[in-house]
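Chain and residue survey
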Amino acid sequence: MVAVPAEEYIEIDYRNRLREEGKLEFFGGKQEFIRLGAMKDIDICIGSHSAMDQTKLIGVGGSNNGFIGKLVHYIGKEAHAGGSPHKGINALNAAMMGLMGIHANRETFRDEDTIRVHPIITKGGEIVNNVPADVRMESYVRGKTVEAIKDANTKVNRALKAGAMAVGAECEIHDHPGYMPYTRDPNLEECLIKSVTDLYGEDEIKHRGHSTGSTDLGDFSCIMPTTSIGMAGTEGAGHSRHLKIVDPIKQYIVPTKAIAVAVIDLLCGDAEPAKKVIRGFTPTIKREEYTEFMKKLVE
């Protein structure tokens, strides 16, 4: 098993500074693994992740949105907020107009594309008695396919720039490659389901649908046969301070056994099941072309 750092694509500004310093190229751990060649000797991937809505022992199936990551900088003009606001250009107002422009576009997002846009303002100005002139935002634009993501991102960028135009501010947008949409290899998934069903029984298997969240397993799924399991044993809302592990056996032991049995089944008979999976896989991105593909994604 391989533990991967930076599974969550957060603190985009901080990671961008690391990129500018030459310490990394992409903002996710698995993305960097691919770029650095750490996966060159790996032919198949089975991942695992805690599931927040799962009572059965093992979750299988499903897919995930991919996304583009965004850094947005609104530049206005300082002035005394009480004495002479007319001399300033309010970058916070520009950002708010940009956000409203995004909201006005939501009705144009098709249900089948599962678009999600959820910006945060990481800096809303500097001091309370000045017209805000330095406002910064981070966001994702998520979607089910690369085409849907790029289309939604064009609309989002247009809205963000319109916010700046409305008050005479400037808007700098820096897009960064996020995670690719996650799709499971059907042959590998079939092997996994058989293994975990034999181990725990059909009644303990949850078959999942599409998730509008994202995972860096999506990048692996583009270059090699990939699947994953969901782990039970938690309670509380995901990504909240209330999430906690309540059953360590379900979190640690059950998934470890499931993956071990799946690996044994893939390697039996001179690894013919695994070889069949590998032969049947067609990459959507060739490993040697991954880095350039991701860079061009946001050009």
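Above this note sits the structure.
Report on the accompanying structure.

Rules of the game
- Residues numbered from 1 in each chain as written.
- Predicted model: local features only at pLDDT ≥ 70, side-chain atom pairs only at ≥ 80, totals over all residues.
- Heavy atoms only, no water.
- Helix = DSSP H or I, 4+ residues; strand = E, 2+ residues; numbered from the N terminus.
- Buried < 20%, exposed > 50% of the residue type's maximum accessible area, 1.4 Å probe, protein only.
- Core = buried A, V, L, I, M, F, W, Y, C linked by side-chain atoms within 4.5 Å.
- Contact = heavy atoms within 4.5 Å.
- Disulfide = S-S within 2.5 Å.
- Expected span 1.5 Å × (residues − 1).
- Arc of directions from axis to C-beta.
- Polar contact = N/O pair within 3.5 Å; in protein donor to acceptor, adjacent residues only side chain to side chain.

Attention now goes to unusual backbone geometry. Unlike most non-glycine residues, His239 shows phi in positive territory, near 60°. Here His239 shows up in the loop between strand E11 (234–235) and strand E12 (244–245). His239 sits in the exposed class, given a relative accessible area of 69%.

Core analysis: the biggest nonpolar cluster contains 21 residues, and Tyr74, Ile102, Val117, Met137 and Leu160 have the highest contact counts within it. Elements supplying a minimum of two residues to this core: strand E3 (63–75), helix H3 (91–105), strand E6 (134–143) and helix H4 (146–167). A per-element tally of this core places H4 first, with six residues. Once you skip the residues sitting within four places of it in the chain, Ile102 turns out to touch Val117, Pro119, Val156, Ala159 and Leu160.

Working definition: the covalent bond between the sulfur atoms of two cysteines is a disulfide. The full count for this structure, using the stated rule, is zero disulfides. No disulfide involves Cys191; its nearest neighbouring cysteine sulfur is the one of Cys268, lying 9.1 Å away. Here Cys268 falls in the partly exposed class, since its relative accessible area comes to 42%.

Here H3 is 15 residues long and its end C-alpha atoms lie 21 Å apart, about the 21 Å a rise of 1.5 Å per residue gives. Among all positions of H3, only Ala91, Ala94, Ala95, Gly98, Leu99, Gly101, Ile102 and Asn105 are buried. The arc that holds every buried residue of H3, seen down its axis, measures 155°, which confines them to one face. Seen from the open side of H3, the exposed residues pointing more than 90 degrees away from its buried face are Met100 and Ala104. The secondary structure elements touched by the buried residues of H3 are E3, strand E4 (116–117), strand E5 (120–123), E6 and H4. Looking at where H3 begins, the residue whose side-chain oxygen comes 2.9 Å from the main-chain nitrogen of Leu92 is Asn90.

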